[in-house]
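One-letter residues, chain by chain:
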Amino acid sequence: MMTVGIVGAILIKISFVAALVAAFLYYRNQNVVVLGGIALARNSYHLSVLGLVSAASILLYLILTHQFQYAYVWNYSSSDLPLSLLISSFYAGQEGSFTLWALFTALIGLFLLQYSARKGYEPYVMSIYSLIVSFLMLMLVVKNPFAFIWEAFPSDLVQSGPIPPGTSNIVMLDEARQIWARYPLEGKGLNPLLQNYWMVIHPQILFVGFAAMAVPYAHAVAALMKRDYTSWIRPATPWLVFGSMMLGAGIILGGYWAYETLGWGGFWGWDPVENSSLVPWLLSVAAIHTTLIQRKSGAYVKTNFFLSMLTFLAVLYSTFLTRSGVLGETSVHSFVDPGMWVYWLLLGCLALFASIGVGLLLLRRREMPTVQIEYSVYSREFAIFLGAMALVFVALFVTIGTSSPIITTILKGKASAVEMNYYVQTNLPLGIAIALLSGIGQLLWWRSSQSPSFLKSLALPAALAIITTVAVLFFGSEEPMILLFTFCSAFSLFANLRLGYSIYMGNPKYAGGVLAHIGIAIMFLGFVTSERYDETRTLSLARGKTVEALGYRVTYLGYEPTEREKYAFNVEVEREGKKHIVSPTMYHSEFTRGLMRHPDLLNFLSRDLYVAPLSLEESEDGRERRFELSKGTDVAEAGLRIAFEDFDLSNMDKTSAAEGGAFQLGVRLSVDEPTGQHKKKLTLLMINSRAGEPRFPIVPYTSSQQRLYEFRLVRIAPDQENPTNSRVEIAMTIPAEIPGEGKAETLVVEASVKPLINLVWLGTVTLLVGFVVTITRRVREARLGSIVQE
């Protein structure tokens, strides 16, 4: 009897063959039109899309009806998930996310087919595009989402013990089928980190962006095949802008998801999966700018071909990095090893499309027109080109950092990831250049600008930028690079605001680029205020007792159960007589077999208060106190004054630490009593073994009254960029002789104030509005071009 899942697997194979046939038929009809060939190619492509849509619908049906005999359904869903998250489990794993990517790529192809037919590009564009679809379908043939659980995990399902000699795989599968038929199944469920409403929105937008990046590549290769080196950018540009917009929206939503859910207080961690969407976006934005120059002056023909193809190749390379298993030990987000077939298929797909694109570009390079550059360095063209190249170098440095596990494996035989500081050090100077050029470029004229008028136009934005930078300096930043970044970002903001007002009063449909630059400038300023001026404290909140920190009065009120065995820990936050409740959550997850933590935040116009739970401690005698110290600060606890003097690196093996080996790090404390006559130095240690498990030995301290205190390290948070911001968390056990202590319930949280973080979100929304305005105008221009050609 043929099951629904088997039908789905057959439909995927049919879709793969149909897409491959469509690619062949389109290629065959490029130069010599065969009678009925184009119609047959279209029908083949439509059949491929229909088969894929049907297969995806079957997979969704299996998930919604809890068909746990299928490995994918069992791995990523469960019967207790709400409907929205149950649907989201469709793309929670390798097979499902490949299906979603292939589905969006195929559906976009339906619009591209009609679009390219009107432009006279259909056989050329669709031959390449159908080939891309066929390779995505081949991925699903190899990584079958309809595999039965006894096919995917036969050895795990057979009864424990060695398999008797001579037992065939068929016998094993039969026994596995009997086991699963005998017992009702429940799925493993969705990863708790993915059980969020952003899971319903973010992946679809991101994969639409990935799918759309195939269109500029197809246009570029089609133009090379057709030997059209100039006019191809007009029909390709709207797709390039659309792909950038969707990918940018996906990046933004992913950043907010991380900020709201993960609990580390940031929105970008330079993880390889995050970088996999950032690099293609940077390259696509660079391509948008260089195609603008070609439309104006005819220059950078080869550059535009290369960048348009490189954008899609970056998507493939990022997919290879994050889904082949090569980053499994260095990224918290990357997928596990999918098997050698998928590994080589991803690598082969990248090699094939790189060979097609780059090979054709090299083959046609001598035929391409060379336009002599006629603009001066005081021109908008030159500023745009420099900005585009800065974006390309940012993409290059991010790619090197993301690829570091592969690079270090080749060079040293051991995979290791770069520190986050690498990305800051390499990209901050380029960010400064991008901010400055996005302001200067808007004040320059095409081809050439007169120096007096140009310098005059700089005056107002520069003056306002200086005022903004002085304000930032007043609030405490003394880092020259950060101040320079602030100045350039503010200059870009005011320069674009001035130009944007003029455009709005004249012809608003041309305001897309200005709006995008305003958004980038606001976002950059938000980076500075929220990341460089944030304050963080680790607080131990005894139930019912108020603690003053970060300008707030904070009181832990207790916890209460919420949905699905989760617990909300209610914390009252008071400032200037106004009270609010934040409720971070913690719960034990069977999926991860560990404690899961989710933060909560209060959003104000000028700041966010971010509260991330760390632990709930119930001490029998309530005599352990925890506190956090910054370097050079002290705290009074239980009759003692404890000061954090410095780190002790005398026994630190930096080479071993860098390679993940054993090392020892000390923290020097000064402990004093009110009399000032019993001051003593203590060194608390963190000893890290080669296995990676740190130990924090207890260090005793005997007071002048012969009372025994005990100290130990809990957490170390060094800051390499600004050592004075380095923090340590210390636990101190109070002697039993000190009265007034009873049983205590203590919630340990990390509280942060993020000043003006709303600038980040305002900037990103403004950026997306700029993309929408731009793509609307480009589509209208493309339609007008079609009418003129007809």
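Relevant structure appears above.
Computed from a predicted structure; not experimentally measured.

Caption draft 1: Broad picture of the sheet that holds strand β12 (residues 640-648). Read from one edge to the other, the open sheet built from 5 strands follows the order β11-β12-β13-β14-β15, with strand pairing classed as antiparallel. In the strand order of this sheet, the two ends are held by β11 (634-637) and β15 (694-695), each with one partner.

Caption draft 2: Spatial organisation of the pattern of salt bridges. This model, assessed by the stated rule, comprises 14 salt bridges. Ionic pairing is found between E729 and R626, a salt bridge with its closest N-O pair at 3.9 Å. Taken together, the positions of E729 in strand β18 (residues 727-733) and R626 in strand β10 (residues 624-630) put the pair 103 residues apart, joining distant regions of the chain. The same class applies to E729 as to R626, namely buried. Because the salt bridges share partners, they merge into one network encompassing R626, E628, R715, R727, E729 and E750.

Caption draft 3: Main features of a nonpolar patch on the surface. On the surface, F393, L396, I400, I407, I410 and L411 cluster together into a nonpolar patch covering about 590 Å² of accessible area. Those elements giving two or more residues to the nonpolar patch turn out to be α16 (380-402) and α17 (404-412). Note on placement: L411 falls in helix α17. The class for L411 is exposed, based on a relative accessible area of 66%.

Caption draft 4: Quick peek at the packing of aromatic side chains. Tallied over the entire structure, the rule returns 31 aromatic pairs. Seen in terms of ring centroids, Y259 and Y610 are 5.0 Å apart; in terms of plane orientation they differ by 35°. Their pairing is tilted. Residue Y259 is located in helix α12 (residues 233-261), and its partner Y610 is located in strand β9 (residues 607-619); the two are separated by 351 residues in the primary sequence. The two residues Y259 and Y610 agree in class, both being buried. Consider the rings of F312 and F353, whose centres lie 6.0 Å apart with planes at 80°: the pair is edge-to-face. Placement of the pair is F312 in helix α14 (residues 301-323) and F353 in helix α15 (residues 340-364), with a sequence separation of 41 residues. Given the relative accessible area of 2%, F312 is considered buried. Here F353 falls in the buried class, since its relative accessible area comes to 1%. Taken together, the aromatic side chains of Y197, W198, Y256, Y259, Y610 and W761 make up a single cluster linked through ring pairs.

Caption draft 5: Broad picture of the nonpolar core. Ranked by size, the top nonpolar core spans 160 residues in total, and within it Y45, W101, Y129, Y217, W281, F305 and F353 carry the most contacts. Ignoring any residue separated from it by four or fewer positions in sequence, one finds W281 in contact with S244, L247, G248, I251, I520, L767 and F771. F663, V667, L684 and Y701 belong to the second largest nonpolar core, which has 24 residues in total.

Caption draft 6: Representation of α12. When the terminal C-alpha atoms of α12 are compared, their 41 Å separation across 29 residues agrees well with the 42 Å that a helix rising 1.5 Å per residue should span. Most of α12 sits out of view: 25 of its 29 residues are buried.

Caption draft 7: How the structure looks around the pairing of strand β6 (residues 585-589). Within β6, 4 of the 5 residues are buried, which leaves the element mostly enclosed by the surrounding structure. Relative to β6, strand β4 (residues 567-575) runs antiparallel, the two sharing 2 bridges. Along β6, the bridge assignment pairs A568 with T585. Looking at chain direction, β6 and strand β7 (residues 594-598) are connected through 5 bridges and run antiparallel. Within β7, the position partnered with M586 by the bridge is R597.

Caption draft 8: Region of interest: the environment of V772. Here V772 shows up in helix α23 (residues 758-789). On the basis of relative accessible area, V772 is assigned to the partly exposed category, the value being 41%. As a C-alpha pair, V772 and M245 span 527 residues in sequence and 7.5 Å in three-dimensional space.

Caption draft 9: Expanded view of unusual backbone geometry. Non-glycine residue R227 carries a positive phi angle of around 60°. The residue R227 is located in the loop between α11 (214-226) and α12 in this model. A relative accessible area of 46% means that R227 is categorised as partly exposed.

Caption draft 10: Examining the sheet that holds strand β16 (residues 699-702) more closely. An order of β10-β18-β17-β16 is seen for the 4 strands of this open sheet, with the pairing classed as antiparallel. This sheet does not close on itself; its edge strands, each paired only once, are β10 and β16. Going across the sheet, the axis of each strand differs from the next one's by a mean of 30°, ignoring polarity.

Caption draft 11: Geometry of the environment of S77. Among the secondary structure elements, S77 is positioned in the loop between α3 (71-76) and α4 (83-88). Overall, the relative accessible area of 1% leaves S77 in the buried class. Along the chain, S77 and L190 lie 113 residues apart, while their C-alpha atoms are 5.4 Å from each other. If near-sequence neighbours (up to four positions away) are discounted, S77 is found in contact with I63, F68, L86, S89, G187, K188 and G189. Here V73 takes part through its backbone oxygen, which lies 2.7 Å from a polar atom of the side chain of S77.

Calculation notes
- Residues numbered from 1 in each chain as written.
- Predicted model: local features only at pLDDT ≥ 70, side-chain atom pairs only at ≥ 80, totals over all residues.
- Heavy atoms only, no water.
- Pairing = 2+ DSSP bridges.
- Helix = DSSP H or I, 4+ residues; strand = E, 2+ residues; numbered from the N terminus.
- Salt bridge = Lys/Arg side-chain N within 4 Å of Asp/Glu carboxyl O.
- Buried < 20%, exposed > 50% of the residue type's maximum accessible area, 1.4 Å probe, protein only.
- Patch = residues over 30% accessible without salt bridge, like charges linked within 9 Å, V, L, I, M, F, W, Y side chains within 5 Å.
- Areas by Shrake-Rupley, 256 points an atom, 1.4 Å probe, with all protein chains shown as cover.
- Phe/Tyr/Trp six-rings, centres within 6.5 Å; stacked < 30°, edge-to-face > 60°.
- Core = buried A, V, L, I, M, F, W, Y, C linked by side-chain atoms within 4.5 Å.
- Contact = heavy atoms within 4.5 Å.
- Expected span 1.5 Å × (residues − 1).
- Axes fitted to C-alpha atoms, helices over the stretch in contact; angles between N-to-C directions.
- Polar contact = N/O pair within 3.5 Å; in protein donor to acceptor, adjacent residues only side chain to side chain.

These figures come from the coordinates and say nothing about function on their own.
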